[in-house]
Amino acid sequence: MIEVEALTKRYGSTTAVDGLTFTAPPGTVTGFLGPNGAGKSTTMRVVVGLERPTSGTATIHGRRYADLPAPLHAVGVMLDARSVHPGRTAYKHLLAMAQTHGISKARVREVIAQTGLEPAAHRRAGTFSLGMGQRLGIAGALLGDPATLILDEPVNGLDPDGVLWVRRLVRDLAAEGRTVLLSSHLMHELALCADRVVIIGRGRLLADAPVKEIVERSERAGTVRVRTPDPEPLTRELVASGAQVTPQEGGVLHVRGASVDDVGTAARRCGATVLELGTESGSLEEAYLQLTGDAVEYRAADARGGAR
Amino acid sequence: MTTVLPESRAPQRASRGAPRRTGPTLWRVLAAERTKLTSVRANTWLVLGTVVAAAGTAYGLGMFVRPDDGRSGSWVVTSGFVLAQLGFLVLGALVGTAEHTTGTARTTFTAVPRRLPVLGAQALVAATTALVTAVLALGASYVATAVAPLADAPALDLSVPGASRALLGFALASVAVTLLGLGLGALLRRPAAALVTGVVLAIVSDQLLAANPSRFTDTVRSLLPSAGARLTQDDAALAALDAATRGPQLGVWGGGVVVGAWVLVVLAAAAYRLRRHDVR
């Protein structure tokens, strides 16, 4: 259980996180979504005690991170794949982490096997691809068998196999009753593996709801799509019955204010041939773009930007 | 709260066979820091390089020592410190900055969020490494100057007053310079900044001020960490230094006290920054 309450973090005059409140409950994958520079990574760094909040609190199981008696057993953290000394092998990196908590070498080898790092375990981390770095970061997060996982952009740089693997892994971890907080700027990624999403922009909360609800909020949700070689009579018929019709390319009409049944009946009435008929469901992408549209702050030179 | 699962599906801790789920202790952090220091190959090369630099310098300077110079055998053996201290400074600075330059800090300080045990363990591990390196450097310097034919340099004679203390002092001064580098590294978090500051404090300032002796400059010299190099001198050499200075006479252990105070102040400042400030 991660609870963030009225969290604010300022760097001089820049406000990275602004009064953010959300909860990541156990047994759930909580997606943490926002454009670059929205404050996702800053929030995560505050949650794990690397940075102090300017005001507000962030707690895990009701405790501040720094007050956890055995942090690695309570929370698995992967903030950045580049959190490793490039001259150290993956095995030694994990071993040094494990030693701080008296975790056995056997467990180190176990997470290496679990993350598919065996062939690279004794290679220096500086030679790793981004994807292997991600796997090493995830191995470190799993090391203490924690009840809470905080993963910052875990699928970044992974190949399709790796993406599938991470998706299944976080689903399994949540199914075991663990809390998973997973950040991403890839909306479709979260649509596939998160139960709920917390969306932020410019450090402020934009939405905190189940994925489905966010999708339904999308403008296109509730739109009926119909393809017909006779768009004119059908449009007339539909407009007469009070629906709004937007013609698209290829004889496709987008109809709002009418159900699929209504459109089908209207087509029969005016004798229009229907080639295709169905509902358009909104995608998380669209919902996300609508929500963040005015909150996008693209600062190429901002070293503190969300995803580094 | 859509999918909160019943308690029974929560992870079964006991059945996973994880023995104890306890947190960091100083011993555990010490073990981790030892692994970190020994697992980076650059550190091994640095230790070897420092040993070679010490022995090479001792041999080189030994070639110019004449019997009537008043230099003792211990002076020759410890003379490599003038170059070797750079190696110790780099060792300390690398240990102190590596966390911050490589991003390892994110891993380290999420594992040990109280942070100070990490700095303490780094100091112990770096000091131990420095001690071992210093002993190796002394041995190599002794072998280099004893085996190879040096023109007229006196052999090491531990019955010379202060000679054995000078050998011990070499080890102490090496540890002090290493810890100074570590403290500067942890405080400034950038290798270049830490090294430049360390070299200026421990080496360059003393040389510059020595070129312009006065009551003021000699007083400043006696208060710089470079005073620690006095530890490597025997009684006769220390007496000569005290006779020549127009500032305070530091005596046998004064230089050690000065560098020790620097180490404590810099490490305390590093601890303060680590405890109070953000880590990235």
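Shown above is the structure to which this text applies.
Residues numbered from 1 in each chain as written. Chains lettered and ligands numbered in written order. Predicted model: local features only at pLDDT ≥ 70, side-chain atom pairs only at ≥ 80, totals over all residues. Heavy atoms only, no water.

J.: What's the story with the packing of aromatic side chains in this structure? I'm lost.
T.: Enumeration over the complete set of coordinates arrives at 2 aromatic pairs over all chains. Seen in terms of ring centroids, Phe22 of chain A and Phe32 of chain A are 5.2 Å apart; in terms of plane orientation they differ by 35 degrees. Their pairing is tilted. Here Phe22 of chain A is found in strand β2 (residues 14–24), whereas its partner Phe32 of chain A is found in strand β3 (residues 28–33), with 10 residues between them in sequence. Measuring from ring centre to ring centre gives 5.7 Å for Phe81 of chain B and Phe170 of chain B, while their planes differ by 75 degrees; the resulting arrangement is edge-to-face. Residue Phe81 of chain B is located in helix α4 (residues 81–102), and its partner Phe170 of chain B is located in helix α7 (residues 163–188); the two are separated by 89 residues in the primary sequence. Looking at Phe81 of chain B, the relative accessible area reads 4%, which means it is buried. A cation over an aromatic ring shows up here: Arg135 of chain A above the ring of Trp165 of chain A, its NZ or CZ 5.0 Å from the ring centre. (Phe/Tyr/Trp six-rings, centres within 6.5 Å; stacked < 30°, edge-to-face > 60°. Helix = DSSP H or I, 4+ residues; strand = E, 2+ residues; numbered from the N terminus. Buried < 20%, exposed > 50% of the residue type's maximum accessible area, 1.4 Å probe, protein only. Lys NZ or Arg CZ within 6 Å of the ring centre and 35° of its normal.)

J.: Would you explain the sheet that holds β2 of chain A in this entry?
T.: Paired through their backbone hydrogen bonds, the strands of a sheet run either parallel or antiparallel. Residues and elements named next belong to chain A. Reading across the sheet, the 3 strands line up as β2-β1-β4 and stay open at both edges, with antiparallel pairing between neighbours. Of all strands in the sheet, those bounded by a partner on one side alone are β2 and β4 (55–60). When the angles between neighbouring strand axes are averaged without regard to direction, this sheet yields 20 degrees. Where strand β1 (residues 2–11) meets β4, 5 bridges bridge the pair, whose relative direction is antiparallel. Looking across to β4, one finds that Glu3 is bridged to Thr59. (Pairing = 2+ DSSP bridges. Axes fitted to C-alpha atoms, helices over the stretch in contact; angles between N-to-C directions.)

J.: Any chance you could explain the pairing of strand β11 (residues 244–247) of chain A here in plain terms?
T.: If a strand is regular, its side chains alternate between the two faces of the sheet. Residues and elements named next belong to chain A. Of the pairings in the sheet, the one linking β11 to strand β12 (residues 252–256) comprises 4 bridges and is antiparallel in character. Within β12, the residue paired with Gln244 across the bridge is Arg256. The hairpin formed by β11 and β12 contains 4 residues between the paired strands, and Gly250 there has a positive phi angle of roughly 70 degrees.

J.: Help me understand the pattern of salt bridges, please; the structure alone is not making it clear to me.
T.: Proximity of charged atoms lets side chains of opposite charge pair with each other. Within this structure, the stated rule accounts for 22 salt bridges over all chains. Between Arg171 of chain A and Asp195 of chain A there is a salt bridge, with the nearest N and O atoms lying 3.3 Å from each other. Within this pair, whereas Arg171 of chain A is found in helix α6 (residues 160–175), its partner Asp195 of chain A is found in the loop between α7 (187–193) and β8 (196–201), the two being separated by 24 residues in sequence. The exposure class assigned to Arg171 of chain A is partly exposed, which follows from its relative accessible area of 30%. In this structure, a network of salt bridges that share partners links the residues Asp145, Glu176 and Arg178 of chain A together with Arg21 of chain B. (Salt bridge = Lys/Arg side-chain N within 4 Å of Asp/Glu carboxyl O.)

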